[in-house]
Amino acid sequence: MRKTERYPVKGANSLWHVYKTVPFLKVVKNFVVIQLARYTPFLGMKTWLYRTFLRMKVGSQTAFALMVMLDVMYPERIQVGRNTVIGYNTTILAHEYLIEEYRLGDVIIGDEVMIGANSTILPGVVIGDGAIVSAGTLVHKDVPQGTFVGGNPMKVIYTKAEMDERRKNDGFFKDYAKRE
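First things first, this report covers the structure right here in the doc. (Residues numbered from 1 in each chain as written. Predicted model: local features only at pLDDT ≥ 70, side-chain atom pairs only at ≥ 80, totals over all residues. Heavy atoms only, no water.)

This part is about the pattern of salt bridges. Applying the stated criterion to the full structure yields 12 salt bridges. Arginine 82 is the salt-bridge partner of glutamate 112, the closest N and O atoms lying 3.0 Å from each other. In this pair, glutamate 112 sits in the loop between strand E10 (107-109) and strand E11 (114-115) while arginine 82 sits in the loop between strand E5 (78-80) and strand E6 (85-86), placing the two residues 30 residues apart along the sequence. A relative accessible area of 43% means that glutamate 112 is categorised as partly exposed. Classification of arginine 82 by relative accessible area gives partly exposed; the value is 34%. (Salt bridge = Lys/Arg side-chain N within 4 Å of Asp/Glu carboxyl O. Helix = DSSP H or I, 4+ residues; strand = E, 2+ residues; numbered from the N terminus. Buried < 20%, exposed > 50% of the residue type's maximum accessible area, 1.4 Å probe, protein only.)

Set out below in structure tokens:
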């Protein structure tokens, strides 16, 4: 279950109330920063922009691919751990505006997580350390540490124990360990 805070609205749908919930100039600033970061090929510059102007917590050596779209309204509610890869054109949301309410939720992505291209991460989700999210996945609930998930709706493809066993039997990882 996602962890979101719910806020009711009266009258028009919640998106019509958007600038009652978040300041217009904040959205403009966030939009400009996010668009600059989406197109820059410089990984260090992206994380600097996110930390400095969006107040996001981003771990060292984390890489955001081209075209990653962060929540324009509440990017400060997104936290990404160390040595994580966020794939091309992934969307990470910390809000959802519905008909009779809007919801806000922190998104916490752990250390050494791999998010495949074109994935969407919904508000209030925690993705555990070492998890792998397949390309094109809709992450609508928490992802346990070390698991491999994918699809729409998202399903566990391999548990952490199954992933550990696969790595143990994979010659690539055996050879890689010897090189270190």
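If you check helix H3 (residues 43-54), its first and last C-alpha atoms are 16 Å apart, about what 12 residues at 1.5 Å a residue would give, namely 16 Å. By the burial criterion, the buried members of H3 are Lys46, Thr47, Leu49, Tyr50 and Leu54. Across the axial projection of H3, the buried residues extend over an arc of 155 degrees, all falling on one side. Note on H3: the residue one or two positions beyond its end, arginine 55, has a positive phi of about 60 degrees. (Expected span 1.5 Å × (residues − 1). Arc of directions from axis to C-beta.)

Now for the packing of aromatic side chains. As enumerated under the stated definition, the model contains 6 aromatic pairs in all. Centroid distance tryptophan 48 to phenylalanine 53: 5.5 Å. Interplanar angle 90 degrees. Geometry classified as edge-to-face. What makes tryptophan 48 partly exposed here is its relative accessible area of 47%. What links up through ring pairs into an aromatic cluster is the set Tyr7, Tyr97 and Tyr102. (Phe/Tyr/Trp six-rings, centres within 6.5 Å; stacked < 30°, edge-to-face > 60°.)

Turning to the sheet that holds strand E14 (residues 132-133), a few remarks are in order. Pairing between sheet strands relies on hydrogen bonds along the backbone, with the strands arranged either parallel or antiparallel. Read across the open sheet, the 6 strands follow the order E3-E6-E11-E14-E16-E17; overall the sheet is mixed. A single partner strand is all that each edge strand has here, and the edge strands are strand E3 (63-64) and strand E17 (155-158). Pairing of E14 with strand E16 (residues 148-150), which is carried by 2 bridges, proceeds in the parallel orientation. Its bridge partner being in E16, isoleucine 132 is matched across the sheet by phenylalanine 148. Lying on the sheet, helix H4 (residues 160-168) is in contact with E14, E16 and E17; it crosses E17 at an angle near 30 degrees. (Pairing = 2+ DSSP bridges. Contact = heavy atoms within 4.5 Å. Axes fitted to C-alpha atoms, helices over the stretch in contact; angles between N-to-C directions.)

Read from one edge of the open sheet, 4 strands run E2-E5-E10-E13, paired in parallel fashion. Every interior strand has two partners, whereas the edge strands, strand E2 (57-58) and strand E13 (126-127), have only one. Sheet analysis places E10 next to E13, joined by 2 bridges and oriented parallel. Following the sheet pairing, isoleucine 109 is matched in E13 by isoleucine 127.

It is worth spelling out the layout of surface pockets at this point. Of the volumes computed, that of the largest pocket is approximately 270 Å³. Around the largest pocket sit 15 residues that line it, and Glu112, Gly130, Ala131, Gly146 and Arg167 are the ones nearest its centre. Sorting elements by how many residues they give to the lining of the largest pocket places H4 first, with 4 residues. Taken together, the residues of the lining of the largest pocket sort by class into 5 nonpolar, 3 polar and 7 charged. (1 Å grid on protein atoms, 1.4 Å probe; cavity = no way out; pocket = protein on both sides within 12 Å on 5 of 7 lines; lining within 4 Å. Points joined across faces, edges and corners; volume = space filled by probe spheres on them. Nonpolar A, V, L, I, M, F, W, Y, C, P; charged D, E, K, R; others polar.)

Among the secondary structure elements, lysine 46 is positioned in helix H3. Among buried charged residues, lysine 46 stands out as having no salt bridge; its nearest opposite-charge side chain is aspartate 71, 17 Å away. In this structure, lysine 46 is in contact with Ala37, Arg38, Thr40, Phe64, Ala65 and Leu66, ignoring residues within four places of it in sequence. (Lys, Arg positive; Asp, Glu negative; His and termini not counted.)

What follows deals with the side chain of threonine 62. Looking at where threonine 62 falls in the secondary structure, it is placed in the loop between E2 and E3. At 3.4 Å, the side chain of threonine 62 and the backbone oxygen of glycine 59 are in polar contact. Separated by 2.4 Å, the side chain of threonine 62 and the backbone oxygen of glycine 81 make a polar contact. (Polar contact = N/O pair within 3.5 Å; in protein donor to acceptor, adjacent residues only side chain to side chain.)

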